[in-house]
Amino acid sequence: MNRREALRSLGALTASVTVAPYVGANQLKNVPLETALSEDSLPRPARVDGFSVLVEDSDRKTLAAAFDRLIPADDYGPSATEAGCLEFLDDQLAGDYGAGKALYLQAPLKPENEEALMGSPQFLATPKERYATGVKALEAYAQKAHGKAFADLSDDQIDEILTGLEAGDISLGDDVDGQAFFELMLQNVREGYLADPMYGGNRGMAGWKMVGFPGARYDYRPYIDRRGEDLGLIPVSLIPQD
Amino acid sequence: MAKTLPKADVVIVGMGWAGSVMAEELTRAGLNVVGIERGAWRDTSTDFPPAVDPDELRWHTRRNMLQPMSVETTTFRNRTDQTAAPVRNWSAFQYGWNVGGAGAHWAGMSWRFLEWDFQVATKTRERYGEEKLNGLENVQDWGVTYKDMEPYYDRFERIAGTSGYAGNIQGEKRPGGNIFEGPRKRDYPTPALKDTHWMSMYRETVNDMGYHPFTIPAGNISQAYVNPLGVNMGPCTYCGFCDFHGCGNFSKSSPQACILPTLMRRPNFTLLTETEVLHAVKHDDGKTAKGVKFIANGEEGFQPADVVCITAYQMDNVRLMLLSGIGEQYDPQTRRGTIGRNYSYQTCSSVTGFFDNERMNPFIGGGALGVQIDDFNGDNFDHTDLDFIGGAGIMGYSTNGRPIQNMNGLRPGTKRWGSEWKAGYARDYQTSASIFCQGTSMPSRDVYLDLDPTYKDRHGQPLIRLTFDWNENDKKMANYVTDKATEIMKRAGGKHLLTDNQASRSWNPYMQHSSHTIGGAVMGADPTTSALNPYLQSWDAHNVFVVGASAFPNNGGYNPTLTVGALAVRAAQAIHQTYINNPGPLVEA
Ligand SMILES: Cc1cc2nc3c(=O)[nH]c(=O)nc-3n(C[C@H](O)[C@H](O)[C@H](O)COP(=O)(O)OP(=O)(O)OC[C@H]3O[C@@H](n4cnc5c(N)ncnc54)[C@H](O)[C@@H]3O)c2cc1C
Ligand code: SF4
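These numbers come from a predicted model, not from an experiment.

## Some remarks on the overall build of chain A
Moving on, step 1. Scanning chain A for helices and strands turns up 8 helices and 1 strand.
Moving on, step 2. Burial statistics for chain A: of 242 residues in total, 46% are counted as buried.
Moving on, step 3. When the accessible surface of chain A is totalled, it reaches about 11700 Å², and 52% of it is carbon and sulfur.

## So, the UniProt feature "domain: Glucose-methanol-choline oxidoreductase C-terminal" (unreviewed entry) in chain B
Moving on, step 1. In this numbering, the UniProt entry assigns the feature "domain: Glucose-methanol-choline oxidoreductase C-terminal" (unreviewed entry) to residues 448-568 of chain B.
Moving on, step 2. Along residues 448-568 of chain B the backbone is 24% helical and 23% strand, and the end-to-end C-alpha distance reaches 24 Å.

## A look at the side chain of Arg62(B)
Moving on, step 1. Tracing the sequence through the fold places Arg62(B) in the loop between helix H3 (56-61) and strand S4 (74-77).
Moving on, step 2. Of note is the side chain of Arg62(B), whose polar atom sits 2.6 Å from the side chain of Glu191(A).
Moving on, step 3. Excluding residues that lie within four positions of it along the chain, Arg62(B) makes contacts with Phe88(A), Gln92(A), Tyr97(A), Asn188(A), Glu191(A), Leu57(B) and Trp90(B).

## Comments concerning the packing of helix H2 (residues 57-70) of chain A against helix H3 (residues 85-94) of chain A
Between two packed helices, both the angle of their axes relative to each other and the distance between the axes serve to describe the pair.
All names here are of chain A.
Moving on, step 1. With their axes 10 Å apart at the nearest point, H2 and H3 run at an angle of 120° to one another. Taken together, H2 and H3 sit at an angle that is classed as oblique. Note that H2 runs across H3; the crossing there is right-handed. Facing Arg60, Leu63, Ala64 and Phe67 of H2, the residues of H3 in contact are Cys85, Leu86 and Leu89.
Moving on, step 2. Taken together, the residues that form the contact of H2 with H3 break down as 6 nonpolar, no polar and 1 charged.

## Describing the site of ligand 1
Residue and element names in this part refer to chain B.
Moving on, step 1. Around ligand 1 there are 34 residues in total, and Ala18, Glu37, Ala107, Met109 and Thr561 lie nearest to it.
Moving on, step 2. Contact distances for ligand 1 include 3.0 Å between a nitrogen atom and a backbone N or O atom of Ala107.
Moving on, step 3. For ligand 1, whose free accessible area comes to 990 Å², the fraction covered by protein is 98%.
Moving on, step 4. At the level of secondary structure, the elements contributing two or more residues to the shell around ligand 1 comprise helix H1 (17-28) and strand S12 (275-282).
Moving on, step 5. The biggest single contributor to the shell around ligand 1 is S12, with 3 residues.
Moving on, step 6. Residue classes in the shell around ligand 1 are distributed as 14 nonpolar, 16 polar and 4 charged.

## Things to note about the packing of helix H6 (residues 197-208) of chain B against helix H11 (residues 472-492) of chain B
Residue and element names in this part refer to chain B.
Moving on, step 1. Their axes nearest at 9 Å, the elements H6 and H11 cross at an angle of 110°. Judged on the interaxial angle alone, H11 and H6 are roughly perpendicular. Taking contact as the criterion, the partners of Trp198, Met201, Tyr202, Thr205, Val206 and Asp208 in H6 are, on H11, Ile488, Met489, Arg491 and Ala492.
Moving on, step 2. Partitioning the contact of H6 with H11 into residue classes produces 7 nonpolar, 1 polar and 2 charged.

## Examining the sheet that holds strand S5 (residues 85-86) of chain B
In sheet architecture, strand pairing relies on hydrogen bonds along the backbone and comes in two forms, parallel and antiparallel.
Residue and element names in this part refer to chain B.
Moving on, step 1. If you trace the 4 strands from one edge of the open sheet to the other, you get S5-S4-S21-S20, paired in mixed fashion. Across the chains shown, the open sheet's two edge strands, defined by having one partner strand only, are S5 and strand S20 (448-456).
Moving on, step 2. Two strands pair when backbone bridges link them, and S4 and S5 are joined in this way by 2 bridges, in the antiparallel orientation. In the sheet register, Phe76 faces S5, and the bridge partner there is Ala85.
Moving on, step 3. Contacts from helix H9 (residues 314-324) reach S4, S20 and strand S21 (462-467) within the one sheet, and its direction differs from that of S21 by about 120°.

## Details of the site of ligand 2
Moving on, step 1. Residues in close proximity to ligand 2 total 13 residues, the closest being Cys236(B), Cys239(B), Cys242(B), Cys247(B) and Asn249(B).
Moving on, step 2. Considering only residue class, the shell around ligand 2 consists of 5 nonpolar, 7 polar and 1 charged.

## A look at the interface of chain A and chain B
Moving on, step 1. Opposite the 89 residues of chain A that make contact, chain B presents 93 residues.
Moving on, step 2. Both faces combined, the contact of chain A with chain B buries some 7400 Å², and carbon together with sulfur accounts for 58% of it.
Moving on, step 3. Linking chain A with chain B are 8 salt bridges, by the criterion used here.
Moving on, step 4. For Glu114(A), the salt bridge is made with Arg88(B), and the minimal N-O distance between the two is 3.0 Å.
Moving on, step 5. On the surface where chain A and chain B come into contact, there are 48 residue pairs in polar contact (both at pLDDT 80 or more).
Moving on, step 6. Where the side of chain A that touches chain B is concerned, the elements lending two or more residues are strand S1 (26-28), H2, H3, helix H4 (111-118), helix H6 (155-167), helix H7 (178-194) and helix H8 (206-211) of chain A.

## A look at the sheet that holds strand S8 (residues 214-215) of chain B
All names here are of chain B.
Moving on, step 1. Read across the sheet, 6 strands follow the order S8-S17-S18-S19-S16-S22 without closing on themselves; strand pairing throughout is antiparallel. Of all the strands in the sheet, the pair left with one neighbour each is S8 and strand S22 (495-501).
Moving on, step 2. Here 4 bridges tie strand S17 (residues 370-373) to strand S18 (residues 392-397), and the two strands are oriented antiparallel to one another. From the neighbouring strand, Val371 faces S18, where its bridge partner is Gly396.

## A few points about the nonpolar core
When a protein is soluble and globular, its nonpolar side chains tend to lie buried together.
Moving on, step 1. In terms of nonpolar packing, the biggest core is built from 217 residues, with Phe67(A), Tyr131(A), Met185(A), Met22(B), Trp198(B) and Ile394(B) touching the most fellow members.
Moving on, step 2. Per element, the largest residue contribution to this core is 10 residues, and it comes from helix H12 (residues 561-579) of chain B.
Moving on, step 3. The residues contacting Trp198(B), other than those within four sequence positions of it, are Phe355(B), Met360(B), Gly396(B), Tyr397(B), Ser398(B), Ala433(B), Ser434(B), Ile435(B), Met489(B) and Ala492(B).

## A closer look at the packing of aromatic side chains
Moving on, step 1. Enumeration according to the criterion identifies 40 aromatic pairs over all chains in this entry.
Moving on, step 2. Ring centres 5.9 Å apart and planes at 80° place the aromatic pair Phe113(B) and Trp142(B) in the edge-to-face group. Linking Phe113(B) in the loop between S5 and helix H4 (120-128) with Trp142(B) in the loop between H4 and helix H5 (146-160), this pair joins segments that are 29 residues apart in sequence.
Moving on, step 3. For Trp142(B), a relative accessible area of 0% gives the class buried.
Moving on, step 4. A centroid spacing of 6.2 Å and a plane angle of 70° characterise the contact between Phe376(B) and Tyr480(B), whose relative ring orientation is edge-to-face. Of this pair, Phe376(B) sits in the loop between S17 and S18 while Tyr480(B) sits in helix H11; the two residues are 104 residues apart in sequence, bridging distant segments of the chain.
Moving on, step 5. Aromatic ring contacts, followed pair by pair, group Phe76(B), Phe93(B), Tyr95(B), Tyr313(B), Tyr343(B), Tyr345(B), Phe468(B), Trp470(B) and Trp507(B) into a single cluster.
Moving on, step 6. It is Arg60(A) that lies over the ring of Phe51(A); its NZ or CZ is 4.3 Å from the centre.
Moving on, step 7. We note Lys415(B) situated over the ring of Trp417(B); from NZ or CZ to the ring centre the distance is 3.9 Å.

## Observations concerning H12(B)
Moving on, step 1. For H12(B), with 19 residues, the first-to-last C-alpha span of 25 Å sits near the 27 Å given by 1.5 Å per residue.
Moving on, step 2. Counting buried positions along H12(B) gives 17 out of 19 residues, so the element sits mostly inside the fold.

## Re the pattern of salt bridges
Residue and element names in this part refer to chain B.
Moving on, step 1. Using the criterion set out here, one finds 56 salt bridges over all chains in the structure.
Moving on, step 2. Between Asp81 and Arg79 there is a salt bridge, with its nearest N and O atoms 3.0 Å apart.
Moving on, step 3. The closest approach of N and O atoms between Asp457 and Arg319, which form a salt bridge, is 2.8 Å. Of the two residues, Asp457 sits in the loop between S20 and S21 while Arg319 sits in helix H9, which places them 138 residues apart along the sequence. With respect to class, Asp457 is no different from Arg319; both count as buried.

## Regarding the confidence of the model for chain A
Where the model shows low pLDDT, its predicted coordinates should not be examined in detail.
Moving on, step 1. A residue-level look at chain A finds 89% of positions with pLDDT of 70 or above and a mean pLDDT of 90.
Moving on, step 2. Note that residues 1-23 of chain A has pLDDT below 50 and, in this model, 27 contacts with residues that lie over four places away or in other chains.

Thresholds applied
Residues numbered from 1 in each chain as written. Chains lettered and ligands numbered in written order. Predicted model: local features only at pLDDT ≥ 70, side-chain atom pairs only at ≥ 80, totals over all residues. Heavy atoms only, no water. Helix = DSSP H or I, 4+ residues; strand = E, 2+ residues; numbered from the N terminus. Buried < 20%, exposed > 50% of the residue type's maximum accessible area, 1.4 Å probe, protein only. Areas by Shrake-Rupley, 256 points an atom, 1.4 Å probe, with all protein chains shown as cover. UniProt positions renumbered as here; feature names shortened; annotations may be inferred. Polar contact = N/O pair within 3.5 Å; in protein donor to acceptor, adjacent residues only side chain to side chain. Contact = heavy atoms within 4.5 Å. Axes fitted to C-alpha atoms, helices over the stretch in contact; angles between N-to-C directions. Parallel < 35°, antiparallel > 145°, perpendicular 65-115°, else oblique. Left-handed = near helix turned anticlockwise from the far one by under 90°. Nonpolar A, V, L, I, M, F, W, Y, C, P; charged D, E, K, R; others polar. Near = heavy atom within 4 Å. Pairing = 2+ DSSP bridges. Buried area = accessible area lost by both parts, 1.4 Å probe. Salt bridge = Lys/Arg side-chain N within 4 Å of Asp/Glu carboxyl O. Core = buried A, V, L, I, M, F, W, Y, C linked by side-chain atoms within 4.5 Å. Phe/Tyr/Trp six-rings, centres within 6.5 Å; stacked < 30°, edge-to-face > 60°. Lys NZ or Arg CZ within 6 Å of the ring centre and 35° of its normal. Expected span 1.5 Å × (residues − 1). pLDDT = per-residue confidence, 0-100.

Listed below in structure tokens is the structure:
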């Protein structure tokens, strides 16, 4: 087993253990003797066993079409889906992020009041739920406006829809805030393009190469005095794809 | 009540910076101390070694080290005539979680406040006359001076290993250091960090303009160091995964790196983790507390103690006082009551510039890595012809080049998606640099904290509610220093400026970046306007000490933690040197 597989199987191990992630209340005397990396803090690479949230082919096609206009293939690097951003999103939605575990989701939520105070719309729905409704609404909009599936629209047509969503000029119906859904997709697709490849996106470290970020390095003492120079550093991932 | 634990001399609520510093001081004096922390045990080798730490998505974007809002959040409104709403998502409220608190994932800027910051009311009256405080009726002195604080600052710096170059040793001004700082007993424990490309450009520019640049004092230490507790630290590697991340190199000042290895070995210290304090419990006469009620594994318990120290971070300090019924809630109408009074924030702005032919290598960074001028901070410049008080530290910084965090920092007008974004980011990642103004914040009468009438935490206790917007003084200050930063950026050669003056629009937690929330249970010499006396002892319950930035009656143009740590040392010494042998108010009301 190489290092990557070893970490993967460790991640799978912790995921399948049935105890809660925390051991529960502890009374500590002295420094705990355990010095190995704790389960809570192990890196959690993306699953590689297929889609588990974006299970419908049609939904994936819609999202892929949108993502590849948000980050198209060009001289600066591959497209979002070529870089693995759909796999990244699926994995994120399948985990704590998708479930909104960190969010405060208690009612009441008065939409106008919260939007006015917070400067952007607030939700009781989790990211996973927002994708479920958002993708369907995108598809419905394409059918209504162009009589075609979203994935079958031309680049220009998709760009026009994305531009309209971004500006708040296009409505995706009463249940989905189109502008907020655009922001969610834009945030996640770029996360996928720029996060460590172990999360499923940024394949070949394409996003990092695009800007010149050397990745998961941890010691720049040999370089700090070489001010303003091209350091020619090849990016590295926490879990190299070898 | 379910389970009552053996009585302690002192119980400490919250094991972040303030709690760890106090526990060390009190156990060294021989007291029996129980620390209670609602998060889990966390340490360098087990939780954030170099093989785990350089992961932006996990630690910065998803904020895995911070306290989730589902555990507890803050409700917020700008004015009393609005209905506050809960902050549901990650925002400027960045609370610590787990052993070490925010001290495990702070950036490390390690400032002493200016002499002026402790005595804004008195010194403003003296220099400019009473009318300069018009509209700022809640501005008040701290009840301690910089001179009182110096030994405690010194102690905390030695524990933390702070890197820097002193600008004022016992009155002798030293070029290259911060000549505006108050007199220090001695230089920093470790030398200043090195300059990145942008820092050296900034340093040269402000120097040419006649200002006084210096390297920011940092909890990113510059060389191997053994602190007075016998703990070893290693040199910072400029890894750029610092704020929001732990440090895998034992180079960032933190409870883990500096205090816990010694503290945990003391037999008179016990730490309860994953145990949340619900509130303190008062004796029947209401004059003192008999201990704290907590919840662990879904069951309630009681920890009796002679002294209760609340060190749960500024917001929770105030909330725990209110939930415990200690002191009177502040009322903005009558200005009566002290709990919740004098909340303030940090008035910030930034100017980003783009340099066509430079390579900034922004990934070489440290949480506290930067060059600053204090020429426009505090009262270091003449305000006679200005219509505000206060100012800001103006820094050229190199904290990180994390690609997700910086993906919108492109030349103004650049699209955020499509090939235009890709081309823009490829062009600007290496060529952008920023100046940050970290400014003072003055209290206002109608800004305060209380308990929210509607929203509750996971245990059914009310959330804290913040009523806040920028005041006129701080807005004018921000405009003034932002103009200075703009001049510097232009002079340095930055083009296509991207300016973010945060005080130019109504405050909201998603538009801000500073985690620095201040006040609400402030110290002072007058019990009608302060919750705590100058030893951070409650005026209302003499065995309760409340330590954190909650004690600051106004904010300096600096990050808060060195002042929090110094106040923690001072309060702990007052407890073991005086209070324990002679329990009662340390200061007559
Ligand atoms: C990203 C970031 C960067 C920062 N950078 C800087 C910087 O450069 N310079 C600087 O000076 N400051 C900085 N700060 C601020 C700094 O972290 C805090 O000022 C400092 O940690 C405050 O110490 P404290 O002891 O008051 O609170 P903390 O260190 O946060 O500790 C409070 C502890 O109390 C626990 N707690 C809360 N409620 C309860 C309860 N009811 N029961 C039991 N336990 C409880 C919490 O879990 C936490 O562990 C930064 C903060 C953040 C988030
Ligand atoms: S920048 Fe320095 S202090 Fe901060 S985490 Fe990296 S090595 Fe540690």
